[in-house]
Number of protein chains: 2
Amino acid sequence: MITLAVDCMGGDHGPDVTLPACRQFLEHHPDARLLLVGQPASLQGLVHERASVIAASEVVAMDDPVEVALRRKKDSSMRVAIQQVKDGTAQAAVSAGNTGALMAIARYLLKTLEGIDRPAIATQLPNAQGGATTVLDLGANVDCTAEHLLQFAVMGSALVSVLQERDEPLVGLLNIGEEAIKGSEEIKKAGELLRSAANVGDLNFHGNVEGNDIFKGTVDIVVCDGFVGNVALKASEGVAAMIVGGLKQEFSRSIFTKMAAIVAYPVLSALMRRMDHRRYNGAALLGLRGLVFKSHGSADVLAFEQALNRAYDAARNNLLDRVRARVAHAAPLLAAADAQPTP
Amino acid sequence: MITLAVDCMGGDHGPDVTLPACRQFLEHHPDARLLLVGQPASLQGLVHERASVIAASEVVAMDDPVEVALRRKKDSSMRVAIQQVKDGTAQAAVSAGNTGALMAIARYLLKTLEGIDRPAIATQLPNAQGGATTVLDLGANVDCTAEHLLQFAVMGSALVSVLQERDEPLVGLLNIGEEAIKGSEEIKKAGELLRSAANVGDLNFHGNVEGNDIFKGTVDIVVCDGFVGNVALKASEGVAAMIVGGLKQEFSRSIFTKMAAIVAYPVLSALMRRMDHRRYNGAALLGLRGLVFKSHGSADVLAFEQALNRAYDAARNNLLDRVRARVAHAAPLLAAADAQPTP
């Protein structure tokens, strides 16, 4: 039996989205139990033999500063959900709340794994191969050092080996050119560390990749600084939204284009399904002593259920142990890297 | 009369693309003259009363290291084209060659403007408003300081005021959140510098923007570190290519989808025209004592002509004087920023 703790109050829509998603998830997973965390009055919409309510009187707002979420709202649904993971009553927690607050509370309650300085946020993005590329970090960390990037690569490899059942997933280092001499000093140093890790069998390192490789599917995992990853992700969402918006505009221009839209509709919706970002919802917070998944704040029922699926898969496949084992295996290298003075 | 020096040998296709593009450009601009720079034997395809050949015996290859281009190929078409700008025989140079080599040679021959530490590469990207967003830097500079970002904002404002005739273009600072407290230390400092510049009337500063704002068209100019800008640009190209590839795939799946494609074709091609990246070809190298424009290496005839148009518009509207004037106006602030110790 897998038990997930769900912050039912988080996200833009709260229980209106989280409860129906939880119900669907339970129907699709007969071996799962859910702890529905939140204000009991708001959670009456879901009664299920494998769901129980855990009361939490407060809610972290999407715009609450980290300090408020962390220090003032000690009985928030987000915090109580993560506490379930700490206490061992749940194997993973899922929230669609404020990312900064989620990371801060998770870090405060669960602590980081030995050998990991900074937890990272990892998500999957669809690629042209029909598969998905895992990218980390996506904004939890700015000004990452080469050592942090090495840690991300190790943790990302564990994640992909669990979620996609690839034993030796291929890692690329995000850079502005494929040549090893490109990029900032920190990136060049990261390239060296990743090559060393590959030499001792800790990683399957491809080398540098560029922004477009994320969507080409050149590698399984793209490692980058959180600032860069966040900008790349949002820029990509911006382009996709512009193209979809443009399609709608062009198809609604006249009676003729509207007729064309009717004919093209099945084809376009097949494409939309394939690239539907909701299918990729559910980012992992990696590097903590417990599993926490983050859903998009604007997730709908389908998307939130997908985040629950992610957390379920991770828990069932012992992601935490896999990350721990990979980090332990790479420990001598991680320690050596950390001991080197940064130039 | 506007005279442009064209590196006819540069780019993936060389004279096969550059010469037909030059011919079309001359037909569309009766007041323009072109200096066709390259190996004379390769340039016989274009004879025009307003075009003359300037011989250059060498060609910078797309994969030549910067040092080779700069020190060993002193008679390259790229270098001779830029030399024309230095000598005053042309008002701007255009090349589709290797970006690193172009920037290095341009910087070596032309030098940077007073008050500018590093030249930047600025390009325009289509946005959902139907307009274009100017982004800089796109990869000429990694590890930019706050002072560099301020310089980019000043130069970008001059570029947009010339090419889009907007007197006070709106500048956004690329960050991972809209709040002023977000981002790395360097970005926060850049935010402060940009606000100071806005306070004394040197800039029209909107505040922080995120990756998706590039394509939303929230601001006219997005300022960022070259590493970040390069990744954002390439990630965006990657998504667009994946969506277009997916459309082609879905529409060619069966006889029915192929029929749908025929019906939808005019609508889809209207969209493609609107978002055609070739229309946005021609990046400006800003901050030099002369005008240099860079075309995509893979540009076709239409795209390369567009880069020539950009250079022509810039020369006709005295971009160089406008940049100089803006930099001079902001000189006290730029100097004060430079004098501050970096934390």
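### Some words on the overall build of chain A
What chain A contains, in helices and strands, is 12 helices and 11 strands. For chain A, whose C-alpha radius of gyration is 21 Å, the value lies close to the compact-globule estimate of 20 Å for 343 residues. Taken over the C-alpha atoms alone, chain A extends approximately 60 × 55 × 35 Å along its principal axes. Residues classed as buried in chain A amount to 60% of the 343 residues present. Sequence separation of at least 24 residues holds for 70% of the intrachain contacts in chain A that already meet a minimum separation of 6. Summed over its atoms, the accessible surface of chain A is roughly 13,700 Å², and 52% of this surface lies on carbon and sulfur atoms. Chain A carries 33 positive and 38 negative side-chain charges, and their two centres are separated by 3 Å.

### Observations concerning the relation of the copies chain A and chain B
Least-squares fitting of chain A to chain B yields an RMSD of 0.0 Å, with the superposition described by an axial translation of 0.0 Å and a rotation of 180°. Taken together, these values place the two copies in the relation of a two-fold axis. Of the interface residues in chain A, 100% have counterparts in chain B that sit at the interface too, so the contact is made through matching surfaces.

### Re the packing of helix H8 (residues 226-251) of chain A against helix H9 (residues 255-275) of chain A
All names here are of chain A. For the pair H8 and H9, the least separation of the axes is 10 Å and the interaxial angle reads 155°. Considered as vectors, H8 and H9 are oriented roughly antiparallel to each other. Counted together, Val244, Leu247, Glu250 and Phe251 of H8 and Thr257, Lys258, Ala260, Ala261, Ala264, Leu268 and Met272 of H9 form the full contact between these two elements. In terms of residue class, the contact of H8 with H9 is made up of 8 nonpolar, 1 polar and 2 charged.

### Things to note about the side chain of Gln151 of chain B
Tracing the sequence through the fold places Gln151 of chain B in helix H5 (residues 146-163). Once residues lying within four places of it in the same chain are set aside, the contact partners of Gln151 of chain B are Gly115, Ile116, Asp117, Arg118, Leu334 and Asp338 of chain B.

### So, the state of the cysteines
This structure, assessed with the given rule, holds 0 disulfides over all chains. Cysteine Cys22 of chain A remains unbridged, with the sulfur of Cys8 of chain A as its closest cysteine sulfur at 4.7 Å.

### A few points about a nonpolar patch on the surface
Taken together, the side chains of Ile255, Phe256 and Met259 of chain A present a nonpolar region at the surface, about 380 Å² in accessible area. Secondary-structure assignment places Ile255 of chain A in helix H9.

### Focus on the interface of chain A and chain B
If you look at the interface, chain A gives 46 residues, while chain B gives 46 residues. Between chain A and chain B the total buried area reaches about 4,100 Å² when both faces are included, carbon and sulfur atoms providing 79% of it. Among the residues of chain A in contact with chain B, Ile176, Phe227 and Met242 of chain A are the three that bury the most area, contributing 16% of the side total. Here chain A is connected to chain B by 2 salt bridges. The interface formed by chain A and chain B contains 4 residue pairs in polar contact (both at pLDDT 80 or more).

### Topic: the sheet that holds strand S3 (residues 51-55) of chain A
Residues and elements named next belong to chain A. Spatially, S3-S2-S1-S4-S11-S10-S5-S6-S9-S7-S8 is the arrangement adopted by the 11 strands of the open sheet, whose pairing is mixed. A single partner strand is all that each edge strand has here, and the edge strands are S3 and strand S8 (204-209). When the angles between neighbouring strand axes are averaged without regard to direction, this sheet yields 25°. Bridge analysis of strand S1 (residues 2-7) against strand S2 (residues 32-38) gives 6 bridges, and the strand direction is parallel. Looking at S2, one finds that Thr3 is bridged to Arg33. The strands touched by helix H6 (residues 185-199) are strand S7 (170-174) and S8; relative to S7, the strand with the most contacts, the crossing angle is about 165°.

### Notes on the nonpolar core
Membership of the largest hydrophobic core comes to 251 residues, with the highest contact counts inside it found for Leu150 and Phe251 of chain A together with Leu150 of chain B. Contact partners of Leu150 of chain A, with chain neighbours within four places excluded, come to Leu193, Leu194, Ala197, Leu203, Leu333, Leu334 and Ala337 of chain A.

### A word on the domain arrangement of chain A
Annotation of chain A at the domain level lists domain 1 (2-110) and domain 2 (120-277 + 325-339). In this structure, domain 1 of chain A and domain 2 of chain A have C-alpha centres spaced 28 Å apart.

### Some words on the sheet that holds strand S11 (residues 291-294) of chain B
Residues and elements named next belong to chain B. Reading across from one edge, S3-S2-S1-S4-S11-S10-S5-S6-S9-S7-S8 is the order of the 11 strands in this open sheet, with mixed pairing throughout. The open sheet has two edge strands, strand S3 (51-55) and strand S8 (204-209), and neither has a second partner. Here the strands of the sheet are splayed against their neighbours by 25° on average, with no regard to which way each runs.

### A word on helix H10 (residues 301-316) of chain B
Residues and elements named next belong to chain B. Along its 16 residues, H10 runs 22 Å from first to last C-alpha, staying within 8% of the 22 Å computed at 1.5 Å per residue. Where H10 is concerned, the buried positions are Ala303, Phe304, Glu305, Ala307, Leu308, Asn309, Arg310, Ala311, Tyr312, Ala314 and Ala315. For H10, the side-chain oxygen to backbone nitrogen distance between the N-cap and Leu302 is 3.3 Å, and the N-cap itself is Asp300. Trailing H10 by a residue or two, Asn318 shows a phi angle of about 55°, which is positive.

Calculation notes
Residues numbered from 1 in each chain as written. Chains lettered and ligands numbered in written order. Predicted model: local features only at pLDDT ≥ 70, side-chain atom pairs only at ≥ 80, totals over all residues. Heavy atoms only, no water. Helix = DSSP H or I, 4+ residues; strand = E, 2+ residues; numbered from the N terminus. Rg over C-alpha atoms; globule rule 2.2 N^0.38 Å. Buried < 20%, exposed > 50% of the residue type's maximum accessible area, 1.4 Å probe, protein only. Contact = heavy atoms within 4.5 Å. Areas by Shrake-Rupley, 256 points an atom, 1.4 Å probe, with all protein chains shown as cover. Lys, Arg positive; Asp, Glu negative; His and termini not counted. Charge placed at Lys NZ, Arg CZ, Asp CG, Glu CD. Least-squares fit on C-alpha atoms with pLDDT ≥ 70 in both. Axes fitted to C-alpha atoms, helices over the stretch in contact; angles between N-to-C directions. Parallel < 35°, antiparallel > 145°, perpendicular 65-115°, else oblique. Nonpolar A, V, L, I, M, F, W, Y, C, P; charged D, E, K, R; others polar. Disulfide = S-S within 2.5 Å. Patch = residues over 30% accessible without salt bridge, like charges linked within 9 Å, V, L, I, M, F, W, Y side chains within 5 Å. Salt bridge = Lys/Arg side-chain N within 4 Å of Asp/Glu carboxyl O. Buried area = accessible area lost by both parts, 1.4 Å probe. Polar contact = N/O pair within 3.5 Å; in protein donor to acceptor, adjacent residues only side chain to side chain. Pairing = 2+ DSSP bridges. Core = buried A, V, L, I, M, F, W, Y, C linked by side-chain atoms within 4.5 Å. Domains from an automatic or database assignment. Expected span 1.5 Å × (residues − 1).

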